[in-house]
Amino acid sequence: MATPDPSAISGTPFLSDLNWISANNSLGPIEKDKSNGNQAEGDGRTLTIGSQTFTKGLGVYANSEMVYALGGKCTRFQAIVGIDAEVKNNAQSSVIFQVFNGDQPVGAAPLFASPVMKSTTPGLSVDVDITGVKTLRLVVTDAGDGSNFDHADWANAKVVCVPEIVPGAPQILAENLDGFPTNTRLVFSNLGSRFVNRGDVPQLTGINGVHDTVILRLKNASSNAPLIITALPITPGWVIDPPPALPITVAPGADPVELPVKFNLPVASRNTTVYKGTLTVTSNDPVTPNLKIDLSGLWQREAEKGIEPTADQIRDAFGLDFTFGPGNINQKGAVVKQPASDEVISAYWQRLDPSQPVVARQIAAYHTQNSPSTLRWFKKGSGDNFVVLQQFPADSQTLFPRGADGKSLAIGSINPTTAFGWNADGEKSDPALNRHQEDTANGCTEPCGQHVRFFPLKDVPGSYYMIMDYAGFNYDYNDNVYILSNITPAVAPPPPPVVTPIVTNVALFNAGGTADVTDPATGLVWKADTSLYAPGNVVSDGGYYTNPILNADGSPNTNPIYRTYRSCTGQQTPKVSCDESVPQANRVVTFNIPVANGTYKVNLHFAELFFKDAGQRIMNITVQGKPVATGFDIAERAGLGKVYILPLTDVAVTNGQMTLSFAATKNFVSISGIQIGN
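The rules we used
Per chain, residue numbering runs from 1 following the sequence as it is written. With the structure being a predicted model, the display of local features is reserved for residues of pLDDT at least 70 and the display and counting of side-chain atom pairs for 80 or more, all residues being used for whole-chain, interface and lining totals. Side-chain descriptors were evaluated using all non-hydrogen atoms of the structure, hydrogens and water having been removed beforehand. The numbering of helices and of strands both runs from the N terminus, where a helix is a DSSP run of H or I of at least 4 residues and a strand a run of E of at least 2. To sort residues, take the accessible area from a 1.4 Å probe on protein chains only and compare it with the maximum for the residue type: under 20% means buried, over 50% means exposed, and anything in between is partly exposed. Each pair of strands is called paired provided DSSP finds at least two bridges between the two strands. Polar contacts here mean pairs of N or O atoms no more than 3.5 Å apart (in protein, one a potential hydrogen donor and the other a potential acceptor; neighbouring residues in sequence count only if both atoms are side-chain atoms). Contacts are residue-level and defined by heavy atoms, with any inter-residue pair within 4.5 Å sufficient. Criterion for a disulfide: a pair of cysteine sulfur atoms at a distance within 2.5 Å. Basic side-chain nitrogens of Lys or Arg form a salt bridge, by our definition, when they fall within 4 Å of a carboxyl oxygen of Asp or Glu. By convention, a stacked pair of Phe, Tyr or Trp rings (six-membered ring in the case of Trp) has centres within 6.5 Å and planes under 30 degrees apart, an edge-to-face pair has planes over 60 apart, and any other such pair is tilted. A ring is scored as having a charge over it whenever the NZ atom of a lysine or the CZ atom of an arginine sits within 6 Å of its centre and within 35 degrees of its normal. For every residue, the predictor states its confidence as a pLDDT score lying anywhere from 0 to 100.

Of the consecutive residues Leu-246 and Pro-247, the connecting peptide bond is found in the cis state with omega at 0 degrees. Within the secondary structure layout, Pro-247 lies in the loop between strand S20 (238–240) and strand S21 (248–250). Of the consecutive residues Glu-446 and Pro-447, the connecting peptide bond is found in the cis state with omega at 5 degrees. As for its placement among the helices and strands, Pro-447 is situated in the loop between helix H2 (437–441) and strand S33 (452–456). A positive phi angle, near 55 degrees, is found at Asn-156, a position not held by glycine.

The side chains of a regular strand alternate between both faces of the sheet. In terms of burial, strand S13 (residues 151–161) is largely enclosed, as 10 of its 11 residues are buried. Relative to S13, strand S5 (residues 57–61) is paired through five bridges, and the arrangement is antiparallel. Across the sheet, Leu-58 pairs through a bridge with Trp-154, a residue of S13. With eight bridges connecting them, strand S7 (residues 74–83) and S13 associate as antiparallel partners. Bridge pairing links Phe-77 to Val-159 in S13.

Let us look at the side chain of Asp-285. If you trace the backbone, Asp-285 turns up in the loop between strand S23 (273–283) and strand S24 (290–302). A polar side-chain atom of Asp-285 sits 2.8 Å from the main-chain amide nitrogen of Ile-172. In contact with Asp-285, not counting residues within four places along its chain, are Pro-170, Gln-171, Ile-172 and Leu-227.

So, on to the state of the cysteines. Under the criterion given, the structure shown has three disulfides. Across a sulfur-sulfur distance of 2.1 Å, Cys-444 and Cys-448 are joined as a disulfide pair. Across the disulfide from Cys-444 to Cys-448, rotation about the S-S bond amounts to roughly -110 degrees, and the bridge is consequently left-handed. Residue Cys-444 is classed as buried on the basis of its relative accessible area of 9%. Its relative accessible area of 1% is what places Cys-448 among the buried residues.

A sheet is described by the order of its strands in space; here three strands give the open sequence S41-S42-S43, paired in antiparallel fashion. The sheet terminates laterally at strand S41 (538–541) and strand S43 (577–578), the two strands that pair on one side only.

As paired elements, strand S27 (residues 374–379) and strand S28 (residues 385–390) share five bridges and run antiparallel to each other. Each residue of the ladder has a partner; that of Thr-374, found in S28, is Gln-390. Taking the residues that link successive antiparallel strands as the turn, the S27-S28 hairpin has five residues, and the phi of Gly-381 there is positive, at about 85 degrees. Bridging between S27 and strand S31 (residues 420–424) involves five bridges; their strand directions are antiparallel. Bridge pairing in S31 links Phe-378 to Gly-421.

On to the sheet that holds S5, then. Read from one edge to the other, the open sheet built from five strands follows the order S2-S5-S13-S7-S11, with strand pairing classed as antiparallel. Strands at the two margins of the open sheet, each flanked by one partner only, are strand S2 (31–32) and strand S11 (124–129).

Following the criterion strictly, the structure yields 18 salt bridges and no others. The residue Arg-137 makes a salt bridge to Glu-65 at a minimum N-O spacing of 2.9 Å. Of this pair, Arg-137 sits in strand S12 (residues 135–141) while Glu-65 sits in strand S6 (residues 64–69), placing them 72 residues apart in sequence. Residue Glu-580 is joined to Arg-587 by a salt bridge in which the shortest nitrogen-to-oxygen separation is 3.9 Å. The exposure class assigned to Arg-587 is buried, which follows from its relative accessible area of 12%. Linked through salt bridges whose partners overlap, the residues forming this network are Asp-17, Asp-33 and Lys-56.

Another point: the environment of Val-106. Mapped onto the secondary structure, Val-106 falls in the loop between strand S8 (94–101) and strand S9 (112–113). The exposure class of Val-106 is exposed, given its relative accessible area of 79%. As a C-alpha pair, Val-106 and Arg-453 span 347 residues in sequence and 46 Å in three-dimensional space.

Here we take up the packing of aromatic side chains. All chains considered together, the criterion is met by 23 aromatic pairs. Pairing Phe-322 with Phe-455 gives two aromatic rings, centres 5.4 Å apart and planes at 15 degrees, and the pair type is stacked. Residue Phe-322 is located in the loop between helix H1 (311–317) and strand S25 (349–351), and its partner Phe-455 is located in strand S33; the two are separated by 133 residues in the primary sequence. The pair Phe-322 / Phe-455 is uniform in exposure class, with both members buried. The interplanar angle of 85 degrees and the centroid separation of 6.0 Å between the aromatic rings of Phe-591 and Phe-662 together place this pair among those described as edge-to-face. Linking Phe-591 in strand S44 (residues 588–594) with Phe-662 in strand S49 (residues 657–666), this pair joins segments that are 71 residues apart in sequence. Accessibility assignment for this pair places Phe-591 and Phe-662 in one class, buried. Among the aromatic residues, those joined into a ring-pair cluster are Phe-322, Phe-324, Phe-455 and Tyr-465. Lys-32 extends its terminal NZ or CZ atom over the ring of Trp-20, reaching a point 5.1 Å from the ring centre. Over the aromatic face of Phe-100 sits the side chain of Arg-137, whose NZ or CZ is 4.3 Å from the ring centroid.

With that settled, consider the confidence of the model for the protein chain. When pLDDT is low, close inspection of the predicted coordinates is not appropriate. Residue-level pLDDT values for the protein chain average 89, and 95% of them are 70 or greater. For the stretch residues 198–205, pLDDT sits under 50, and the model shows 13 contacts to residues farther than four places along the chain or on other chains.

The next subject is the side chain of Arg-566. You can see Arg-566 is positioned in strand S42 (residues 565–571). Among the polar contacts listed, one links the side chain of Arg-566 to the side chain of Tyr-533, at a separation of 3.5 Å.

Of note, Trp-526 is situated in strand S39 (residues 525–528). The buried category is assigned to Trp-526, whose relative accessible area is 3%. Sequence spacing of Trp-526 and Ile-561 is 35 residues, and the spatial spacing of their C-alpha atoms is 7.7 Å.

Locating Val-491 in the fold gives a position in the loop between strand S36 (487–489) and strand S37 (505–510). Separated by 265 residues in sequence, Val-491 and Pro-226 place their C-alpha atoms 52 Å apart.

In structure tokens, the structure reads:
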């Protein structure tokens, strides 16, 4: 084996495409892109951890070691590790994976060490910082119990390296105009027959759209030297159409060249198949003289007819390495995470970076031909739905369907300010809002309704792969597939606090009330808050809400204090109105309540009577100058028309006055009642 040249490493190469400095293995040779197998070279099988298969990686047998020369050019080592399924469920299999900086002496601590992994242990994602490491050493031990059946996989093992730039030399950069999955991976789909003949539904007759062509843009990033492309060898089944005349010269600062790459198999399998290929761009770039572009084509004989691509095939076409979990993805709508699955179960989501939009991209549609689908979003607790993107009707059996205009790809962006859910053509991310009848009829045991499911894209924080299936059809979860960016599961609001009853009431104030009122449930009299608040022109609001006020458990609450609230500076008559010109920083209401010196319990009473969605009215609350609630949102904690009580303890008064301040950071203040006691 040739001695590796670290200077040739750039980009994100798989280790199975590199030569090692040295390697040893306890059973036969280490296998590239196969499991270890047995004694003979090449006797391994497809790399498989759990139910997930991998086309790239290294199959070893403990105890094993591989050493690679990286020259300090790489920053991350990434892999998915585990026992290969060729020894599935064998109780004797047990290994530990270790990653070492080979520059350090033997005995130094590893950069990474896995727990003991057995044949039933799910695959483990590894992402290790190797910045500055010149020699990478990968070790698999037998975990101290002998090496019987220790078939171990370094699946998708790769290094992320900084491309070397030679000053003054041409530098090639590739761009996939689809925008996904990467600039060096193009994904296609095609149909053997694109004609649709639905005699039962005449309007569904026509021609299916396909995504058989992807534009690859090649740019010269050098400002000094021309880039000269001399060869474009491509795997049969793909062509560049029309073929360019070679050589292609891209001068410094010139427009990039665009290559239309087309997937069109002259002879194909009758079965729906994912085909793999490569396009190599040979140029005078001294660092990347042979730029490899991976090609992935999903081919099916005809639309629907029970031969649509599976969820696994769609995922694999895009080269994504998360796992759906063992066995069949069909859970009949059950809300359950399978063992070894990367699925994230979350009914609601929020922006990961509040300063950036959420971007949704539809990457697959496999449902009734010539029928559109629509992706919408909705605020948590709201029935209103807002369109994100729509799929072009003809593109109902393809990867990368076009948007509503039939020209550009289906992409949309949104800017939600609070927790939100997804509505994928009628199926919602909150299972409670979906139909369960079909699920239970198919054998689902409640909770059911999980028709929209999420899987994280590894190495891309905040990006998720969303799949959906229409209720009760076949649970194949390929009907519509989306990539969602800049999202994270919504943080659930804190549960209602435990309110300790005040035994002796020192003061009860109907904040926002213009008169004393009596709670019919307790007989307690709540005094009007007259002259206790500042500024003096803060209005009493809320008389418009006519629905019943509810407690947290849904039971009615008839205490009149919750019908009004002290809110904003403005005018009380002839009708309540807030002065919108008041700067947000000045929207503060302060209560100064005379009480004897001592230590008290305080219950602050709220009911949101205007906003049904969280994030619309937010306050910071201080008592005796000390913060007691920051970012306080009544709608988030209780919802519209529901009581929320914020209990405070050990409130010390030393000057004969209790001061409570409510500062609105969004909209205006709302406080319905103040209860002081012990």
